[in-house]
Amino acid sequence: PELEQMSLPACHAFSQFYIENKKLSCQLYQRSCDMFLGVPFNIASYSLLMHILGKVLDLTPRYFIHSLGDAHIYMNSVDQVKEQIKRTPRKLPQLKFPDINNLEDLKGLSLDDFVLEGYDPHPAIKAKMAI
């Protein structure tokens, strides 16, 4: 009902969670995919959601499957993408956060309670969001 109030309709349209052998997977379908700015954030946020739900449901996070509709790089991000692909990936960090037994437990947490141990990022690359 809010579509007329939005600049753009939501880019990530559907998510589905799947449980097999006490393991939780998430599949996300994203209809429009800004590969430089939006997709990395969507991967991180849905992966975090899968880990939170895994804690609540006592399940081990397994796969994050990302299905892309219109994947694109905007012209105002081309130089930043060229800089990004020159970089050598670094060792992946480990996500650590307190035990969560139900969704109500999230109310008592702050952003500082979610830690990426061993996170060693390259310097940020700035780009303007295209609308």
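An account of the accompanying structure is given in this report. (Residues numbered from 1 in each chain as written. Predicted model: local features only at pLDDT ≥ 70, side-chain atom pairs only at ≥ 80, totals over all residues. Heavy atoms only, no water.)

## What about the pairing of strand 1 (residues 12–20)?
Summarising the sheet, strand 1 and strand 2 (residues 23–34) pair through eight bridges and their orientation is antiparallel. Paired with Ser 15 across the strands is Leu 28, a residue of strand 2. The turn linking strand 1 back onto strand 2 is made up of two residues, and Asn 21 within it adopts a positive phi angle of 50 degrees. (Pairing = 2+ DSSP bridges. Helix = DSSP H or I, 4+ residues; strand = E, 2+ residues; numbered from the N terminus.)

## Here's the deal with the sheet that holds strand 2
Ordered in space as 1-2-3, the three strands form an open sheet in which the pairing is mixed. Both outer strands of the open sheet, strand 1 and strand 3 (60–72), are each paired with one neighbouring strand and no more. Strand-to-strand twist across the sheet, computed as the mean angle between neighbouring axes with direction ignored, equals 15 degrees. (Axes fitted to C-alpha atoms, helices over the stretch in contact; angles between N-to-C directions.)

## Here's the deal with the environment of Ser 15
Here Ser 15 lies in strand 1. Using a relative accessible area of 39% as the deciding quantity, one classes Ser 15 as partly exposed. Separated by eleven residues in sequence, Ser 15 and Cys 26 have C-alpha atoms that sit 6.8 Å apart. Residues in contact with Ser 15, not counting those within four places in the same chain, are Gln 27, Leu 28 and Tyr 46. (Buried < 20%, exposed > 50% of the residue type's maximum accessible area, 1.4 Å probe, protein only. Contact = heavy atoms within 4.5 Å.)

## A few points about the pattern of salt bridges
Taken as a whole and judged by the stated rule, the model has six salt bridges. Salt-bridge contacts for Glu 20 lead to Arg 62; the nearest nitrogen and oxygen are separated by 3.6 Å. Of the two residues, Glu 20 is situated in strand 1 and Arg 62 in strand 3; the sequence distance between them amounts to 42 residues. Judged by its relative accessible area of 35%, Glu 20 falls in the partly exposed class. Residue classification places Arg 62 among the partly exposed positions, given a relative accessible area of 39%. Here Lys 22 ties to Asp 58 by a salt bridge, and the two come within 3.6 Å at their closest N and O atoms. Here Lys 22, found in the loop between strand 1 and strand 2, pairs with Asp 58, found in the loop between helix 1 (38–57) and strand 3; they are 36 residues apart in sequence, far enough to count as distant. Classification of Lys 22 as partly exposed rests on a relative accessible area of 48%. (Salt bridge = Lys/Arg side-chain N within 4 Å of Asp/Glu carboxyl O.)

In short, shape yes, function no, at least from these values alone.
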